[in-house]
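Commentary on secondary and tertiary structure
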Amino acid sequence: MSTSAFRRDIITKPIFSWARTVLPPMSDTEREALEAGDVWWDADLFTGNPDWSKLLAYAPATLTAEEQAFLNGPVDELCAMLDEWKITWELRDLPPDVWDFIKREKFFGMIIPKEYGGLGFSPYAHSEVVRKISSRSLVAAVTVMVPNSLGPGELLMRFGTKDQQQQWLPRLADGREIPCFGLTSPEAGSDAASMVDSGVICKGDFEGREVLGLRLNWHKRYITLGPVATLLGLAFKAYDPDHLVGPTEALGITVALIPTHLPGVEIGHRHLPAMQVFQNGPNRGRDVFIPMDYIIGGQERLGQGWKMLMTALAAGRGISLPSLSAAGAAYAARTTGAYARIREQFNVPIGKFEGVQEPLARIAGTAYLLDAARRLTCAALNQGHHPAVISGIMKLHATERMRIAIDDAMDIHGGKAVIDGPQNYMGNLYRSVPVGITVEGANILTRNLIVFGQGAIRAHPYLLEEMNALGEADRAKGLDFALCADMALLTLGGALKRREMLSARFGDILSELYLLSAALKRWQDEGRQSADFAVLEWCMASGFRTVENRFAEILANLPNRFVAVILKFLVQPFGARVLGPSDIVVQQCAQLVLEPSAARDRLTPDLSYIDDDRGVARLEKAFLLITGTEDIAKRMRAAHIQDWHEAVKKGVITEAEGDQLAAAHEAVAKVIEVDDFPPETLSPQYKKPAEVHQFFQELGETRAAS
Ligand SMILES: Cc1cc2nc3c(=O)[nH]c(=O)nc-3n(C[C@H](O)[C@H](O)[C@H](O)COP(=O)(O)OP(=O)(O)OC[C@H]3O[C@@H](n4cnc5c(N)ncnc54)[C@H](O)[C@@H]3O)c2cc1C
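These remarks concern the structure in this document. All figures in this text were calculated on a predicted structure; none of them were measured in a lab. (Residues numbered from 1 in each chain as written. Predicted model: local features only at pLDDT ≥ 70, side-chain atom pairs only at ≥ 80, totals over all residues. Heavy atoms only, no water.)

**Here's the deal with the layout of surface pockets**
Roughly 740 Å³ of internal volume is contained in the second largest pocket. Forming the boundary of the second largest pocket are 39 residues, of which Ser 135, Arg 136, Tyr 331, Tyr 425 and Val 616 lie nearest the centre. Residue assignment for the lining of the second largest pocket shows that the elements contributing at least two residues are helix H6 (84-91), helix H13 (320-342), helix H17 (427-438) and helix H26 (615-628). When residues of the lining of the second largest pocket are assigned to their parent elements, the largest contribution, six residues, is made by H13. Classifying every residue of the lining of the second largest pocket by side-chain character gives 17 nonpolar, 13 polar and nine charged. (1 Å grid on protein atoms, 1.4 Å probe; cavity = no way out; pocket = protein on both sides within 12 Å on 5 of 7 lines; lining within 4 Å. Points joined across faces, edges and corners; volume = space filled by probe spheres on them. Helix = DSSP H or I, 4+ residues; strand = E, 2+ residues; numbered from the N terminus. Nonpolar A, V, L, I, M, F, W, Y, C, P; charged D, E, K, R; others polar.)

**Structural notes on the packing of aromatic side chains**
Applying the stated criterion to the full structure yields 11 aromatic pairs. Summarising the aromatic geometry, the rings of Phe 70 and Phe 107 are spaced 4.9 Å apart at their centres and angled 55 degrees between planes, so their arrangement reads as tilted. Of this pair, Phe 70 sits in helix H5 (residues 65-81) while Phe 107 sits in the loop between helix H7 (96-104) and helix H8 (123-134), placing them 37 residues apart in sequence. The side chain of Arg 522 reaches across the aromatic face of Tyr 368, ending 4.3 Å from its centre. (Phe/Tyr/Trp six-rings, centres within 6.5 Å; stacked < 30°, edge-to-face > 60°. Lys NZ or Arg CZ within 6 Å of the ring centre and 35° of its normal.)

**Some points on empty space enclosed by the protein**
One simple way to see leftover space: roll a probe sized like a water molecule over the atoms. If you walk through the whole model with that rule in mind, you get three cavities of 30 Å³ or more. Approximately 40 Å³ is the volume attributed to the second largest cavity. As for the second largest cavity, its lining consists of Lys 416, Gln 423, Tyr 425, Gly 615, Arg 618, Lys 670 and Val 671. By residue class, the composition of the lining of the second largest cavity is two nonpolar, two polar and three charged.

**Focus: the pairing of strand S4 (residues 231-239)**
Regular strands place their side chains on alternate faces of the sheet. Taken across its nine residues, S4 has seven buried, putting it largely inside the fold. One ladder, built from four bridges, connects strand S1 (residues 179-182) with S4; its direction is parallel. For Cys 180, the partnering residue across the bridge sits in S4 and is Leu 232. Bridging between strand S2 (residues 198-206) and S4 involves three bridges; their strand directions are parallel. In the strand pairing of S4, Gly 199 is matched with Ala 238. Note that S4 and strand S5 (residues 250-259) share nine bridges and pair antiparallel. Within S5, the position partnered with Leu 234 by the bridge is Ala 256. (Buried < 20%, exposed > 50% of the residue type's maximum accessible area, 1.4 Å probe, protein only. Pairing = 2+ DSSP bridges.)

**Quick word on H5**
Spanning 17 residues, H5 covers 24 Å between terminal C-alpha atoms, matching the ideal 24 Å at 1.5 Å per step. Most pronounced at Val 75, the bend in H5 amounts to some 30 degrees. Residues Glu 67, Phe 70, Leu 71, Pro 74, Val 75, Leu 78 and Cys 79 constitute the buried set of H5. Against H7 and H8 lie the buried residues of H5. (Expected span 1.5 Å × (residues − 1). Bend = angle between axes of the 7 residues up to and from the residue. Contact = heavy atoms within 4.5 Å.)

Spelled out as structure tokens, the structure:
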């Protein structure tokens, strides 16, 4: 019997029939979460032998002329209006003209169809808009992103009745209504389904009539746009103690629209999340009465809220945070590469030091990988898929890797990025990282429970394909993944749910396979550019290192040691052997962002660039001037001359070249400046030293007198 036939007949076939029976009993909310959305390329990866030609044939996501015009028009105009320092430290909010502009240009209605007055943009266009704005202002990006993500708009479009759609969508599209979505409450965070917020079915007065409806009581927190929302999408548990609609008492999670002017709604207070001043806050409802037709989808959707939310999340999670994160990584690559080129220490640009090149390459690689995955995911969403597992992978890995890229960027900038002020173009991004990590499913939970837990179970409909794949020759690493995953399901069964560390490692492998597929696809879609090969190589080598290490960790920790030994023999007889990118690849990868080139532009496309003689604009200018004088500097170095006046005098360079150098150095001096503030502007309680002295003197005199 061949090895593959042995796997198929002796291992895999029995596993699947058994695995079905040993999977843990699921609650309704768990089942609904698992069943939400659909599967796409992730299912192919699970077969162990994906059809690469199918991946390459997927049409890349593109923009229509109208979407592109919006990016070049209103989006650029909006970016020019944004001053993140002023917004964060002075106004603590977007200025009124920016709010007006956002509403007027229908930024809140990007996903709402044109027939309801929205822009009717594709997921990719939505992603591109958020991406560009976020490279200018995170506060504005989050503000624009939220109404276009999970919330009243999306839920109405999918599940609303025709009347509800006609009533609310046009008002949401043009900003007459500002939406928010309230799921999280103090007692129910990650375990959102455990909320105690309630809606009791009863009769009540509404606009002068007695109608059947719900009396709501809730306490939500962390709600983005909550403080300014006029229309709250609310998740609560519905109860029917008097059996007014049927025999069931506890009807389950339900979603309704609550106009925030209704009596009993308390809204308006603000949280301050990591000094990110987008609107975010708690809200409460005390005995708020709504008629039945305020339930999204009407009375027949009572108790279906969780399913509705999970379905909407399956798409939404793949767009918003991945777009912000991909933009963050690209922004870090562009700015940090430029800074590492213009900042000299020990008479050498810091980007020439290997110690700096290593994190620089990591930033460049991350930028390439994340944008590749964002584009691939948007392509699936554009085609109408709602890939729940992929969107979980995207949310988790985009935010997690963005965190690493931003940490690296901070380290390479040193004090320049630590000292806050209008000239610091990195600090706010750094502070924002934990927000992305926490929202839309906190990352630890998503990594340990969701990615593989959902991935494995959602792959079940593809058992047959998997077995067919196992019948073929061993052609791909993915086959090892399928085999190990099967064995873990077999030996752990329901316990896999509790063995989060094992589940997380499987999830990491599945995630790497998805992200690396995306990198390959990007390289193909961009015409296999040889200049980009180093960064692709960096992604592949780093990804396979993770895959190999996770396999080794799984095999070392699988509780059934007998199975572990057999698997080790089949999958990794010599242990983890991929070391990651070579030093040469790291150097080439770093070099990509250390000089202006088409490859650098391809790696960091479509970020907002406003020539305002501040942070990023000053940096880009200095970078171009410094790299443009490279030859002149080289000649001076060869002549062992540091001062350009002397170099001109000795004829090593011309006077015009000397001027060029002077301009470059002046530009660099502007970039390396950091801000300082008169102390009284930093604290309203500030007292001048003389006043402090006088204060203590008076205090002493008073004490002596008493
Ligand atoms: C700035 C901001 C904006 C937000 N906007 C909104 C909004 O608009 N609407 C809304 O409804 N909510 C919103 N949220 C809430 C957000 O979705 C929750 O914060 C998130 O779901 C996590 O809940 P928690 O903060 O209570 O953390 P907890 O649930 O207390 O979790 C704490 C930690 O434990 C981990 N954890 C929990 N359970 C497990 C498990 N089984 N296995 C492994 N790890 C686990 C989590 O991953 C996390 O790291 C927002 C939050 C923030 C901070």
